[in-house]
Structures are given as structure tokens and as C-alpha cells.
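# Report on the structure
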Amino acid sequence: AQSVTQPDIHITVSEGASLELRCNYSYGATPYLFWYVQSPGQGLQLLLKYFSGDTLVQGIKGFEAEFKRSQSSFNLRKPSVHWSDAAEYFCAVGARGGADGLTFGKGTHLIIQP
Amino acid sequence: EPEVTQTPSHQVTQMGQEVILRCVPISNHLYFYWYRQILGQKVEFLVSFYNNEISEKSEIFDDQFSVERPDGSNFTLKIRSTKLEDSAMYFCASSLHRTGDRPQHFGDGTRLSIL
């Protein structure tokens, strides 16, 4: 069964600074990988996804993520954060040709300092 | 952009009562899902539904849970006899295909509070 680890529970970043949120996964093959964002009281919004091909994927709101097979990682990055980026970020794994349900990490709470 | 909509946004129910959570998936999507998120914990998969039957369910989805697509647009989750530990945010999601090149789109959730 697949699993996802987000090692940072909270991250604090100054507005305008760069951001990297870590995600490591465990899966027997190349998985489908996703990052979702959850603002307070809101649902999960898809930021970006990786299925195959180029290992650097671009998403909405200026986010990108890089799939590194050798490190089993799919870290999320943004060059310059805005106060509106404060939210909970979830990394998720989907199995190829296998289980329907996504497996989520525990999430990273992003705090933006002025 | 089409959205998954869920009603109600907040449901308060007495322990032991039945509750039905409602979802309207994106109209051309074929796969439907329920997830839950207990406060402060990660999002957990409950069940997937395709072609009018359960495709997959997790160990959380026991006999007190059921899902139904009563008409062409709604997708419901029923909890027969609620327990305190059922208090959580419940998310509905839909996708055009199974997880793959068509990702799951989530609704804003229903917060279920069991008293």
C-alpha cells in the first residue's frame, strides 16, 4: 500500500520569500502525485499533478513541483509567496491501475509573516 | 469552472441518529468518492462509486455507511446510526476517470458534528 510523508507540520515564511514544502511517498512503482491546498473552511483545491513525462510540473497560483524518483519525493515550490498563500497543503498519491482512493499526507500548515 | 457542491455545509446530529450528506458531482464525471477528515488529522478515503455500484471501499467504510446515486445528479453518503467518532469533515469528490490523468475534484465539505 502506498503512503505519503509530509515531514513539516508547520512552516513559517516571510511574504515575498521562496517556499519549498516537502513530500515523500512510498509506492512500488511510479505513482500519480498531486498537491492540494485547503484554505480555512474550504475544500481541497488541486494545485498541480504529475502523471508522466517532464518531472517539473507547473500548477496554478505560481506553484511548481518536481518529481524525483531517486528520492521518492515530490516537493512543492513557489519563488515568492503572498499572504493569500497561507493555508494547509496536502500531498497525495494515487495508484496506477490500482486503488481508486487517493492517499494523503498529514498536511503542512503554511504561515506567512508580513 | 464546474464545481462539486455539497450540502449542508454543517450538520449537527444526535448520536444514534441517521444522517445523509449530499453531493452534486461535476456533471460529466463518472467516478465519485467520499473522504473524511477528522479534526487535525489527514484526509482519509472512504469509498468510490462507479456505474451505480461501489468500486472500492476502505476499512473505515463499515456497515453503518452506505452510498447511493438516487438520480442523475446527486450522490449521497448515509450514516445509519451515528457515533461520536463520526464527527469529521466529509468531502465528496468526482473525476472523469479513475485516478490517473483525470484528477479528483473536491467539494467544500460538510462538517458533521455528533452530539
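This report concerns the structure included in the present document. All of these numbers come straight from a predicted model, not from anything done at the bench.

Here the residue pair B:Thr7 and B:Pro8 is connected by a cis peptide bond, since its omega of -10° sits within 30 degrees of zero. If you trace the backbone, B:Pro8 turns up in the loop between β1 (5-7) and β2 (10-13). With a phi angle near 60°, A:Lys61 is a residue other than glycine that sits in the positive phi range. Structurally, A:Lys61 is set in the loop between β7 (56-58) and β8 (64-68). A relative accessible area of 45% places A:Lys61 in the partly exposed class. Its identity is not glycine, yet B:Asn52 carries a phi of approximately 65°, on the positive side. With respect to the helices and strands, B:Asn52 occurs in the loop between β5 (43-50) and β6 (53-57).

On to the environment of A:Lys78, then. Residue and element names in this part refer to chain A. For Lys-78, the location among the structural elements is in strand β9 (residues 73-78). With a relative accessible area of 10%, Lys-78 lands in the buried category. Separated by 58 residues in sequence, Lys-78 and Glu-20 have C-alpha atoms that sit 6.7 Å apart. With near-sequence residues (within four places) excluded, Lys-78 lies in contact with Ala-17, Ser-18, Leu-19, Lys-61, Gly-62, Phe-63 and Asp-85.

Another aspect to go through is the nonpolar core. Residue and element names in this part refer to chain A. Leu-19, Trp-35, Leu-47, Leu-48, Phe-74, Leu-76 and Tyr-89 are the most contacted members of the largest nonpolar core, which has 26 residues in total. A total of four residues in this core trace back to one element, the largest contributor, which is strand β10 (residues 87-94). With residues near it in sequence (within four places) discarded, Tyr-89 still touches Gln-6, Leu-21, Trp-35, Tyr-36, Val-37, Leu-47, Phe-63, Leu-76, Gly-107, Thr-108 and Leu-110.

Rules used in this analysis
- Numbering of residues starts from 1 in each chain and follows the order in which that chain's sequence is written.
- Chain A is the first chain written and ligand 1 is the first ligand written, with later ones labelled in order.
- Residues qualify for local features only when their pLDDT is at least 70, as the model is predicted, and side-chain atom pairs are given and counted only at 80 or more; totals for whole chains, interfaces and linings, by contrast, use all residues.
- Note: side-chain values were computed over all heavy atoms of the structure, leaving out hydrogens and water.
- By the criteria applied, helices consist of DSSP H or I runs no shorter than four residues and strands consist of E runs no shorter than two, each listed in order from the N terminus.
- Think of it in three bands: with a 1.4 Å probe and only protein chains considered, a residue is buried below 20% of the maximum accessible area for its type, exposed above 50%, and partly exposed in between.
- Whether two residues are in contact is decided by their heavy atoms: any pair within 4.5 Å suffices.
- Here, nonpolar core refers to any group of buried Ala, Val, Leu, Ile, Met, Phe, Trp, Tyr and Cys residues whose side-chain atoms link them within 4.5 Å.

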